[in-house]
Amino acid sequence: MLKLLRPAMTRILTPLGRLLVGRGIGPDAVTAIGTLGTVVSALLFFPLGQLTWGALVITVFVLFDLLDGVVARLGGSAGSTWGAFLDSTLDRVADSAIFAGLILYFISRDDTLMAGVTLLCLIAGALVSYAKARAEGLGLTADVGLAERPERLVVALVATFFSGLGVPYVLPAGMWLLAAASVITVGQRVVHVYQQTRER
């Protein structure tokens, strides 16, 4: 579903992309700004308990993940190897900051159980990304699974947003759901790669 929404979001962001290209701002700068904004917001708002504001601000910066692609295409540098590497690397930094901020939030409230569950979300999410990258490095594919990065971000940010509005149990439920989905996704990718190696 989220992949189907990407073309629509790209059309919406195209005017802003043209403005940035016209001012000489490249896709690498957009990627770095988006990551920096996400990291600062997550580590500032979430530990202080400002969940709704944190989720909203982070969502704005997460959109930079789409905007950098638009800027690259309009600027004629779409598909560069360096840009792809930088984008993927900084995505991991942004994701880690989001879950680290939530871990600090739970720790500040002496909720060690949910801090542990959120830590599992962080670790499993990193493994999901690593499994795909390692498989591709070996000439295989691992683009399968229940919870890829967009789905993980949506679950985390939506649950955090509504928790900040006072909806009970939504954040713990979101983290448990995300932890389970991420672990399942790791398993799916491991099995997928194993099947490919067996066929060779």
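Preceding this section is the structure that the text describes.
In this report, we go over the structure that sits alongside the text.

Procedures and definitions
- Residues numbered from 1 in each chain as written.
- Predicted model: local features only at pLDDT ≥ 70, side-chain atom pairs only at ≥ 80, totals over all residues.
- Heavy atoms only, no water.
- Phe/Tyr/Trp six-rings, centres within 6.5 Å; stacked < 30°, edge-to-face > 60°.
- Helix = DSSP H or I, 4+ residues; strand = E, 2+ residues; numbered from the N terminus.
- Salt bridge = Lys/Arg side-chain N within 4 Å of Asp/Glu carboxyl O.
- Buried < 20%, exposed > 50% of the residue type's maximum accessible area, 1.4 Å probe, protein only.
- Patch = residues over 30% accessible without salt bridge, like charges linked within 9 Å, V, L, I, M, F, W, Y side chains within 5 Å.
- Areas by Shrake-Rupley, 256 points an atom, 1.4 Å probe, with all protein chains shown as cover.

It is worth spelling out the packing of aromatic side chains at this point. If you walk through the whole model with that rule in mind, you get three aromatic pairs. Judged by centre distance (5.9 Å) and plane angle (35°), the ring pair of Trp82 and Phe85 falls under tilted. Taken together, the positions of Trp82 and Phe85, both in helix α5 (residues 81-108) and three residues apart, correspond to about one turn of that helix.

For the rest of this paragraph, the subject is the pattern of salt bridges. Applying the stated rule across the entire model yields five salt bridges. Residue Arg149 is joined to Asp95 by a salt bridge in which the shortest nitrogen-to-oxygen separation is 3.0 Å. Within this pair, whereas Arg149 is found in helix α7 (residues 149-164), its partner Asp95 is found in helix α5, the two being separated by 54 residues in sequence. For the pair Arg149 and Asp95, one class covers both residues: buried. A salt bridge links Arg189 to Glu148; its shortest N-O distance comes to 3.5 Å. Taken together, the residues span a long stretch of sequence, with Arg189 in helix α8 (residues 170-199) and Glu148 in the loop between α6 (112-137) and α7 at a distance of 41 residues.

Attention shifts here to a nonpolar patch on the surface. Together, Val154, Val158, Phe162, Leu165 and Val167 give the surface a local cluster of nonpolar side chains, amounting to about 400 Å² of exposed area. The partly exposed category is assigned to Val154, whose relative accessible area is 38%.

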